[in-house]
Amino acid sequence: MSGNRETLLYLDGVSVTFDGFRALNSLSLVLAEGEMRAVIGPNGAGKTTMMDVITGKTRPDTGKVVFGKDTDLTKMDEPAIADLGIGRKFQKPTVFEPHTVWDNLLLALAGDRRPRFTLWARQTSEESDRIDAILKTIRLREHRDRRSGDLSHGQKQWLEIGMLLAQEPQLLLVDEPVAGMTDAETEQTAELLREINRTRSVVVVEHDMAFVRALGVKVTVLHEGSVLSEGSIDHVSNDPRVIEVYLGR
Amino acid sequence: MSPWTFRLCLVAVLGGAALLSVLNLALPETAAFHVPTYAISLAGKYLSFAMLALAVDLVWGFAGILTLGHAAFFALGGYAMGMYLMRQIGTRGVYGNAILPDFMVFLNYKELPWFWHGFDNPAFAIAMVILVPAVLALIFGWLAFRSRVSGVYLSIITQALTYALLLAFFRNDMGFGGNNGLTDFKDIFGIPLQESSTRCGMLIVTAIFLAAALLVARYLVTSRFGKVLIAVRDTESRTRFLGYRPERYKLFVWVLSAVIAGIGGALYVPQVGIINPGEFSPANSIESVIWVAVGGRGTLVGAVLGAVLVNLGKTVFTGALPELWLFALGALFILVTLLLPGGILGLLGRPPRRPKNVTPAAEPAE
Amino acid sequence: MKLLRCLLVLLALVPFAARAQDDPYAGFSGGYEDISHAIEALALSGDKRAVPIITALQNGKLYVAPDQSLWIRQDDDLLNARTGEKVAEEPEDLKQVRVNNAVRRAAEAAMGSLDLFSPDPATRAKAAEAVFTARDPAALPALNRALAQEKDSSVRTVMEQARAAVVLAVPDSSDTDKLAAIAIMAARGDLEAQSQLQTLSQASQSPAVTKAASDAVAAMARMQQIWALAQGVFYGLSLGSVLLLAAAGLAITFGVMGVINMAHGEMVMLGAYTTYVVQQVLQAYAPGLLGASLIIAIPLSFLVSGAVGVAIERTLIRFLYGRPLETLLATWGLSLVLQQAIRSIFGANNQEVSTPGWMSGATQWGGVTITYNRLYIIVFAVIVVGALMASLRFTSLGLQMRAVTQNRRMAAAMGIRTPWIDALTFGLGSGVAGLAGVALSQIDNVSPNLGQGYIIDSFMVVVFGGVGNLWGTVVSALTLGIVNKFLEPVAGAVLGKIVVLVLLILFIQRKPRGLFPLKGRAVEA
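Our subject in this report is the structure included herewith. For clarity, every value in this text was computed on a predicted model and none was experimentally measured.

### With respect to the interface of chain B and chain C
Between chain B and chain C, the contact holds 47 residues from the first and 49 residues from the second. Taken together, both faces of the contact between chain B and chain C bury some 4400 Å²; the carbon and sulfur share is 76%. For the pair chain B and chain C, the interface holds 0 salt bridges. Across the chain B-chain C interface, the total number found is 2 residue pairs in polar contact (both at pLDDT 80 or more). When residues of the side of chain B that touches chain C are traced back to their parent elements, those giving at least two are α5 (122-146), α6 (151-170), α11 (282-295) and α13 (322-339) of chain B. Considering each element in turn, the side of chain B that touches chain C owes the most residues, 13 residues, to α6 of chain B.

### Considerations on the side chain of asparagine 484 of chain C
All names here are of chain C. Tracing the chain through its elements places asparagine 484 in helix α19 (residues 470-491). Asparagine 484 sits in the buried class, given a relative accessible area of 10%. Not counting chain neighbours up to four residues away, the residues in contact with asparagine 484 comprise Leu239, Gly496, Lys497 and Val500.

### Structural notes on the environment of alanine 303 of chain B
Residue and element names in this part refer to chain B. Its location among the elements puts alanine 303 in helix α12 (residues 301-320). For alanine 303 and tryptophan 291, which are 12 residues apart along the polypeptide, the C-alpha to C-alpha distance reads 6.3 Å. Beyond its immediate chain neighbours, meaning those up to four positions away, alanine 303 contacts Ala53, Leu54, Asp57, Val292 and Gly296.

### Some points on unusual backbone geometry
One non-glycine residue with positive phi stands out, namely asparagine 108 of chain B, at about 65°. Here arginine 148 of chain B, not a glycine, exhibits a phi torsion of approximately 60°, which is positive.

### So, the packing of aromatic side chains
Within this structure, the stated rule accounts for 30 aromatic pairs over all chains. Here phenylalanine 49 of chain B and tryptophan 291 of chain B contribute two aromatic rings whose centre-to-centre distance is 5.0 Å and whose plane-to-plane angle is 50°, an arrangement assigned as tilted. Taken together, the positions of phenylalanine 49 of chain B in helix α2 (residues 37-63) and tryptophan 291 of chain B in helix α11 put the pair 242 residues apart, joining distant regions of the chain. Both residues of the pair, phenylalanine 49 of chain B and tryptophan 291 of chain B, belong to the buried class. Residues phenylalanine 225 of chain B and tyrosine 249 of chain B carry aromatic rings whose centres are separated by 4.9 Å and whose planes lie at 35° to one another, so their mutual orientation is tilted. Note that phenylalanine 225 of chain B is positioned in helix α8 (residues 224-234) and tyrosine 249 of chain B in helix α10 (residues 246-272), a separation of 24 residues in sequence. Through a chain of ring-to-ring contacts, three or more aromatic side chains come together here, namely Tyr79, Trp114, Phe115, Phe169, Phe176 and Phe280 of chain B. Over the ring of tyrosine 244 of chain B we find arginine 113 of chain A, and its NZ or CZ is 4.6 Å from the ring centre.

### Examining the packing of helix α7 (residues 196-222) of chain B against α10 of chain B
Two quantities define a packed helix pair, namely the angle between the helix axes and the distance between the axes. All names here are of chain B. Contact geometry of α7 with α10 gives a least axis separation of 10 Å together with a crossing angle of 170°. Between α7 and α10, the interaxial angle falls into the category roughly antiparallel. Contacts from Arg199, Met202, Leu203, Val205, Thr206, Phe209, Ala213, Val216 and Leu220 in α7 reach Phe252, Val253, Leu256, Ile260, Ile263, Leu267, Pro270 and Gln271 in α10. Looking at side-chain class alone, the contact of α7 with α10 contains 14 nonpolar, 2 polar and 1 charged residues.

### Notes on a nonpolar patch on the surface
Residues Ile126, Ile130, Phe189 and Ile191 of chain B make up a contiguous nonpolar surface patch of roughly 340 Å² in combined accessible area. As for its position among the elements, isoleucine 191 of chain B is in strand β3 (residues 191-192).

So, how was this worked out
Residues numbered from 1 in each chain as written. Chains lettered and ligands numbered in written order. Predicted model: local features only at pLDDT ≥ 70, side-chain atom pairs only at ≥ 80, totals over all residues. Heavy atoms only, no water. Contact = heavy atoms within 4.5 Å. Buried area = accessible area lost by both parts, 1.4 Å probe. Salt bridge = Lys/Arg side-chain N within 4 Å of Asp/Glu carboxyl O. Polar contact = N/O pair within 3.5 Å; in protein donor to acceptor, adjacent residues only side chain to side chain. Helix = DSSP H or I, 4+ residues; strand = E, 2+ residues; numbered from the N terminus. Buried < 20%, exposed > 50% of the residue type's maximum accessible area, 1.4 Å probe, protein only. Phe/Tyr/Trp six-rings, centres within 6.5 Å; stacked < 30°, edge-to-face > 60°. Lys NZ or Arg CZ within 6 Å of the ring centre and 35° of its normal. Axes fitted to C-alpha atoms, helices over the stretch in contact; angles between N-to-C directions. Parallel < 35°, antiparallel > 145°, perpendicular 65-115°, else oblique. Nonpolar A, V, L, I, M, F, W, Y, C, P; charged D, E, K, R; others polar. Patch = residues over 30% accessible without salt bridge, like charges linked within 9 Å, V, L, I, M, F, W, Y side chains within 5 Å. Areas by Shrake-Rupley, 256 points an atom, 1.4 Å probe, with all protein chains shown as cover.

Here's what the structure looks like:
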């Protein structure tokens, strides 16, 4: 999991201010290719804002966000960043509710996103094969023709992860994937993420410490917009500063 | 939007137009089932309005853009057609000027304004019917969608757009006949306008255009493009993170919708015989939205149904109890939004879930 | 006591002394030149009978007897010009005093200078003004005499200006006098003074005078530009406060609550009709109170529109929270119903709403004409917005309103009855719209369509200023008003409005959150 792999994502001194409130305070973070990273931190630590900055939703006041060798993400908008291969799952599951599970995945499949293509596009057998494969991975095969708005909360979470997979990104940003899930579902999700991590880099933001422990990856603790501590889950949970601000007095 | 309602709608539009024409032309005026010519024009007017409603439904029902200015595109198409019809009058006008329409002679124009040139050519006029609304929609939409103006803000600026055009077209020195607009048309493509056969022909042409527009719209919304569009309507930001550019999708459907509205306007003008700046009034645009709401938003068929029903109601009401019409229309707005969010089609079929409004209310203080 | 008696005797003797020296009533029997001199002498004498005598002369009713005594024919009677009394017996050989153009001019000039001694300051000022315009050197002696006895400082100023004008018009005045006169004219600074100085700077003069005149002209041109600018700003502020009044209520319902009320214009319209009804009732039952009709209408229209607003919120809008587009359609329908209801009750015609006396007329402030109705509307707008801000900030109702709009659940948890607050907030916004109606009844047609004309403008003002920001609304309304008024002379009223609309559309597309957006994480979502 370590070694001298190439850097995939590099945040350097990123600051974001909302009306005087510093959401990110000179945040720096390095993610290697193929790495899975868990990010934890109390409410308002800047986890979601960090995701917003990486995906182009929020422009930082200062600092650099470099993807791959030398792509500056701060100069790009959301679709361009998505096109580069960065996928994002939201805290609240967001799927296209009027569409079927199948259509949700179809829209997420990597491919030409331009209107002139989608206007004439016909579903190819290659596309259906890939959707079938993803449906299997996310355990929603029986629900393929259901309206996605009718799925349960956990199923929606998985569908969204499936959509992320269909995007075939190099980097997945996953915001609280197990919020509201049963223990069994949580376990399955951890397994799913580890499987995804075999081919892709993943950043997971999570509150659930058991889940983070189950992932067994390097952990970054955010506090007041910057990195408080970084290391294995055992390392950070023994860090006195982390204990003070987060894990409880 | 189940296939059978769609097919039924196509049959009703085309068959209805044909049947009315036959009843008008083949039966003697004394026959019990004879349809008078004014009713033919009235039907043609309803179908033109149905095209406007269809255009509104495309952007509101499928892209979530509540337009309060679509009558502007309708009126622009109408004016383009009206300009052609004015040039067709030739020397038969009151002042007998072969080049200048009557109102220009009256306003002491010495020569034809540059933007009137070419409108004596039907092909050019038809091109303008499509191009003028398309170009305006393109510029407006490009500016609006690129900067992510959405929801109520977008609605308000569409209304401001048509309001600005209303003020502009009321001005005499704009060269569009000012307050009175364009009227006194004599013939279209060389055929006298007042003939019953011409009226029936125009009704049938309108029905064909409406059917074609329905087919195009249905193809669009059931294609993968349409799926993206619906995704944009409900969760615009999510589509961006999937790599789609919502502004392009909106712009395409916006321009297409403006063109459909423009063609509707062009078909409307020869059948009612006049186009004036009143067509730009924001009230007209908002009325076209209520047609869609009555029929059922996001169903295409509902737009046609709503436009025809509400306008039929308007004709009956304004004839019998004119002062009650605005009460009835106002009540319709309120009752449909409060009690019948799916419209009439929502009552018929399995209840389609009301599309979620992603557009946030102005809740800045949150 | 003795002294007093002496004085009285002396005073009694004065007229006789004067008459003995030079009888002002003499000279009317001579040639035209004599008559002209006689008129001037009479005018200069300051005699009270001078006015009727010269008027009679102008009307051809003045007669002179062989004994030089003067007589005035009035209808069928003959009056003694000296005493003004009727005489029963007509003297013989009465001759009409002859009049030619020179005499007529002399009479006119004399009448002008006579007014300089009128007991009424306004008449004196008017006469001095006339001299200023005419620049007749003949008026100089009378003017000097009038100046010497003038006590009213403002009349004095006008007289000095008139003298300066005359001095400048006389080619052989000394340079010193002219320079002093130029200074007085420059201080006056209006177009009339400017054109006189303009003439002077072009006529051949000593270099010092020419330079002083052209400098003064340049300075006055600059001043006039500034005044024109100030006038434009005043018109702009006046239009801006109309917009502000119309938009202030919307800034509450739309800006603070997020409710799209397309019937907002009709709340304004209701306010205007309330004003109309108040005037009708007062006319019928208490005509003496008509002057206070607007003052009475202000609280009433607030209550009427506010009550209708509360009713709308309770019966319609509360079912549509979180669905802005549906709210828009439903309230539009409501606006149609309200318009038609008013049309059914009052008719479709414009209703006459009178303007109380204290609101009509105008005053001059430097070079700016200030009409009272515009001025009062500006003042009214300031008061309304000030009261609105204060009520939001300092009252407990305002505190609860802000709490509910910021965090509804938390507010509810704190024991605030949120539905009640919603209704009151909406009622407040509607009531303010009603207040706007009172003001608009003074400058616009009171008809069922009154509100429709303001709805788009109001939304534009609120959106341009930044939703949820009352200060933004103020700045936005005043900016739009001023921009509109400055565009009008360039582009014409309608085109100017179109230009403003198009600019606004472009602006909103560049900055969808307005001039003063509220920033923050919540807004980004």
